[in-house]
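Structural characterization, general
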Amino acid sequence: MATPHPPCVPTQNAGDFICTVYLEEKKADCELSLKVPATMTAQELTNDVLYLRKLVTKERDNWCCFEVIDKEEMERPLHHTEKVLPILHALATDSYVVVKRNTALDSMLMYLGSKVADQKHGMVKFREERKLGLGTGSFSDRYFMLTDQTLRLFKEVRSNKPDKEWPVKSLKIYLGVKRKLKPPTCWGFTVIYETKERHEKQHWYMCCDTQMEQREWFATFLYVQNDGTIWPSDASCCRSSHKPSESRFGNVSLIPLRGNANEMRNSVAAFTAAPVSISKKV
């Protein structure tokens, strides 16, 4: 079985951890453990994984890292400049990071090249997350306007004032909507907004009528959130040009921790308490 949770083990270098990621899918034979410094980006992690598996990549394979949350049935491709260690540390037991091809990227880049990329508007099926005891809710048609600053929701196309408004760079956009919400189409998003004042996370959902419409909205979100760059302009930087650091602590090979949270904490404490004595035994 694949590891239920991709934990990180500290190394002797401050800020470095040995973390578990997957190649293409979450299976035991697709699991890799490698050193992840605090400065490592999603593109660098992708390069290291491909290098370790000795994969020969082509120019338009478009390999990248995805954060996957199984419980919510959603995933998101990480931006190539995004730091991966905070994401790996924050993963829940049903979440993991996988390196795989981004099959939608070419069509998204083509769309951005032919349109006014920093804005989009149109009707989308929308549903808010409901609290317990407040009913199940349902999807309703709403008009959305996305600009380089905000995402606005209007009940009607002709409305002058938005019913809701969010700062676009404070949103996390995931592909997919969990099936128990009965989404009207399979081309949906889960949107997460964390309020800075209360540190609360709001979840809500958007569904498009077609796959291409979903890709257009997602491409525009990525474009405005990342200042106009959703993929490296230099294709050569998408290929690994270095040998990844070995996953070792002195002379001891490191492996991901297993077990529940208490067992993992005890293992880390034992491992880091006396590294000198461990090295002497090797």
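The preceding data block contains the structure.
Think of each chain on its own: its residues are numbered from 1, step by step along the sequence as written. Only residues with pLDDT of at least 70 are given local features in this predicted model, and only at 80 or more are side-chain atom pairs given and counted; all residues enter the totals for whole chains, interfaces and linings. The side-chain quantities take in all heavy atoms of the structure and omit both hydrogens and water.

**Details of the pairing of strand 5 (residues 74-77)**
- Pairing between strand 4 (residues 63-69) and strand 5: four bridges, direction antiparallel. Bridge assignment links Val68 to a residue of strand 5, and that residue is Glu75.
- A pair of strands is considered paired only if DSSP assigns at least 2 bridges between the two. Where helices and strands are cited, they refer to DSSP runs of H or I of at least four residues and of E of at least two residues respectively, numbered from the N terminus. Adjacent in sequence and paired antiparallel, strand 4 and strand 5 are bridged by four residues, among which Glu73 carries a positive phi angle near 55°.

**Regarding the pattern of salt bridges**
- A pairing counts as a salt bridge when a side-chain nitrogen of Lys or Arg comes within 4 Å of a carboxyl oxygen of Asp or Glu. Under the definition given, this model contains 14 salt bridges.
- Residues Glu128 and Lys164 are paired through a salt bridge, measuring 3.3 Å at the closest nitrogen-oxygen approach. In this pair, Glu128 is assigned in strand 7 (residues 120-128) and Lys164 in strand 10 (residues 164-167), connecting sequence segments 36 residues apart.
- Between Glu165 and Arg152 there is a salt bridge, and its shortest N-O distance comes to 3.5 Å. Note that Glu165 is positioned in strand 10 and Arg152 in strand 9 (residues 150-154), a separation of 13 residues in sequence.
- Whether a residue is buried, partly exposed or exposed follows from its accessible area with a 1.4 Å probe, protein chains only, as a fraction of its type maximum: under 20%, in between, or over 50%, in that order. With a relative accessible area of 40%, Glu165 lands in the partly exposed category.
- For Arg152, a relative accessible area of 30% gives the class partly exposed.
- What you see here is one network of salt bridges that share partners, running through Glu67, Arg76 and Glu82.

**A few points about helix 4 (residues 211-225)**
- To estimate how far a helix should reach, multiply one less than its number of residues by 1.5 Å. With 15 residues, helix 4 ought to run about 21 Å at 1.5 Å a step, and its terminal C-alpha atoms sit 21 Å apart, in line with that.
- Counting buried residues along helix 4, 12 of its 15 residues qualify, which places the element largely inside the surrounding structure.
- Three or more residues of helix 4 are buried, namely Glu213, Gln214, Arg215, Glu216, Trp217, Phe218, Ala219, Thr220, Phe221, Leu222, Val224 and Gln225.
- Directly beyond the C-terminal end of helix 4, a positive phi value near 55° is found at Asp227.

**Some words on empty space enclosed by the protein**
- The pocket and cavity definitions rest on a 1 Å grid over protein atoms only: a 1.4 Å probe that fits but cannot leave marks a cavity, an open set with protein on both sides within 12 Å along at least five of seven lines marks a pocket, and residues lining either have an atom within 4 Å of a point. Grid points are joined across faces, edges and corners, and a volume is the space filled by probe spheres set on the points. Across all of its chains, the model carries one cavity of 30 Å³ or more by this definition.
- By volume, the largest cavity is sized at about 150 Å³.
- Along the wall of the largest cavity there are 15 residues; nearest its centre are Pro77, Leu78, His79, Ile230 and Trp231.
- Top contributing element to the lining of the largest cavity by residue count: helix 1 (residues 42-52), with three residues.
- Here the residues of the lining of the largest cavity sort into nine nonpolar, six polar and no charged. Throughout, the ten residues Ala, Val, Leu, Ile, Met, Phe, Trp, Tyr, Cys and Pro are labelled nonpolar, Asp, Glu, Lys and Arg are labelled charged, and all others, Gly among them, are labelled polar.

**Some remarks on the nonpolar core**
- Joining through side-chain atoms within 4.5 Å is the link that ties buried Ala, Val, Leu, Ile, Met, Phe, Trp, Tyr and Cys residues into a set, and such a set is a nonpolar core. Phe144, Leu171 and Trp204 are the most contacted members of the largest nonpolar core, which totals 34 residues.
- The element contributing the most residues to this core is helix 4, with six residues.
- Formed by 22 residues, the second largest nonpolar core is a distinct cluster that contains Cys19, Leu32, Cys65 and Val99.

**Quick notes on the side chain of Thr190**
- Here Thr190 shows up in strand 12 (residues 187-194).
- The exposure class assigned to Thr190 is buried, which follows from its relative accessible area of 1%.
- Two N or O atoms form a polar contact when they lie within 3.5 Å of each other; inside protein one atom must be a possible hydrogen donor and the other a possible acceptor, and for residues adjacent in sequence the pair counts only when both atoms belong to side chains. Engagement of the side chain of Thr190 in a polar contact is seen with the backbone oxygen of Gly176, the distance being 2.7 Å.
- Excluding residues within four positions of it along the chain, Thr190 makes contact with Met74, Lys172, Ile173, Tyr174, Gly176, Val177, His203, Trp204 and Tyr205. Note on contacts: a residue pair is in contact if any heavy atoms of the two residues lie within 4.5 Å.

**Quick notes on the layout of surface pockets**
- Each pocket or cavity is described by its volume, and for the largest pocket that value is around 730 Å³.
- Residue lining of the largest pocket: 29 residues in total, with Glu67, Arg76, Glu82, Lys172 and Tyr174 positioned closest to the centre.
- Those elements giving two or more residues to the lining of the largest pocket turn out to be strand 4, strand 5, helix 2 (85-90), strand 11 (171-175), strand 12, strand 13 (201-208) and helix 4.
- No other element matches the four residues that strand 11 contributes to the lining of the largest pocket.
- Residue classes in the lining of the largest pocket are distributed as 13 nonpolar, seven polar and nine charged.
- Here the second largest pocket is characterised by a volume of approximately 410 Å³.
- Lining the second largest pocket are 23 residues, and of these Glu75, Leu175, Gly176, Trp187 and Gln214 sit closest to its centre.
- At the level of elements, strand 5, strand 6 (95-101), strand 12 and helix 4 are the ones that each hand at least two residues to the lining of the second largest pocket.
- Here the element with the most residues in the lining of the second largest pocket is helix 4; it accounts for four residues.
- Within the lining of the second largest pocket, the residues separate by chemical class into 10 nonpolar, seven polar and six charged.

Function cannot be read off these values alone, since they describe shape.
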